[in-house]
Amino acid sequence: GDLALIKHLTPKDCGQACAEACTDTDRFSVSFSGGVSPEEKAQILAATLLTDYMFFEQDNGMCQFRDQKLYITCFECYCYGCLCPCNIVCGGGNEGGGE
């Protein structure tokens, strides 16, 4: 069966919403099932932190400007062991431009 239930908590008030929108703060709730050993609890907490780091804490940020294009990362998919970003790309050449 399941060892724990991990939930990403949504903001409950305006202050928490502002903190989540303007910082890298994330809040989680972990509820352990009965009979879970201390070692398993440590592994579950480590997995929670790793998941948060892999999917929500990017060193390069959600927006990048390179090669005269703006890259906006909407989310990342986990597919067969790889993180695949879903990006919106704006800018580039002058094809169809006004000049």
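Our structure's up above, just so we're on the same page.
Residues numbered from 1 in each chain as written. Predicted model: local features only at pLDDT ≥ 70, side-chain atom pairs only at ≥ 80, totals over all residues. Heavy atoms only, no water.

Trainee: Which parts of the structure should I look at to understand the pairing of strand β5 (residues 82–91)?
Mentor: When a strand is regular, its side chains alternate between the sheet's two faces. Note: strand β4 (residues 69–79) against β5, ten bridges, orientation antiparallel. Of the residues in β5, the one forming a bridge with Lys-69 is Gly-91. Between the end of β4 and the start of β5, which pair antiparallel, lie two residues, with Tyr-80 showing a positive phi angle near 50 degrees. (Pairing = 2+ DSSP bridges. Helix = DSSP H or I, 4+ residues; strand = E, 2+ residues; numbered from the N terminus.)

Trainee: What should I look at first to understand the sheet that holds β5 in this one?
Mentor: With antiparallel pairing, the three strands of this open sheet are ordered in space as β3-β4-β5. Of all the strands in the sheet, the pair left with one neighbour each is β3 (63–66) and β5. When the angles between neighbouring strand axes are averaged without regard to direction, this sheet yields 35 degrees. (Axes fitted to C-alpha atoms, helices over the stretch in contact; angles between N-to-C directions.)

Trainee: Is there a simple way to explain the pairing of β3 in this structure?
Mentor: In the sheet, β3 pairs with β4 via four bridges, with the strands oriented antiparallel. Its bridge partner lying in β4, Gln-64 is registered against Tyr-71. Linking β3 to β4, which pair antiparallel, is a turn of two residues; within it Asp-67 sits at a positive phi near 55 degrees.

Trainee: I tried to follow the environment of Ser-33 on my own but got confused; where do I start?
Mentor: Tracing the chain through its elements places Ser-33 in the loop between β2 (28–32) and α2 (38–56). Counting along the chain gives 28 residues from Ser-33 to Leu-5, while the straight-line C-alpha distance between them is 8.0 Å. Look past the residues within four positions of Ser-33 in its chain and what remains in contact with it is Asp-2, Leu-3 and Ala-4. Only 2.9 Å separates the side chain of Ser-33 from the backbone oxygen of Asp-2, close enough to count as a polar contact. (Contact = heavy atoms within 4.5 Å. Polar contact = N/O pair within 3.5 Å; in protein donor to acceptor, adjacent residues only side chain to side chain.)

Trainee: I'm lost on the state of the cysteines in this one. Help?
Mentor: Note on terminology: a disulfide is the covalent bond linking the sulfur atoms of two cysteines. Tallied over the entire structure, the rule returns zero disulfides. Cys-82 forms no disulfide, and the closest cysteine sulfur to it belongs to Cys-84, at a distance of 5.7 Å. The class of Cys-82 is partly exposed, set by a relative accessible area of 43%. Lacking any disulfide linkage, Cys-90 is separated from the closest cysteine sulfur, that of Cys-63, by 9.4 Å. Cys-90 sits in the partly exposed class, given a relative accessible area of 36%. (Disulfide = S-S within 2.5 Å. Buried < 20%, exposed > 50% of the residue type's maximum accessible area, 1.4 Å probe, protein only.)

Trainee: Where do I start with the side chain of Thr-48 in this structure?
Mentor: One can find Thr-48 in helix α2. Leave out the neighbours within four places in its chain, and Thr-48 touches Ile-6, Phe-28 and Val-30.

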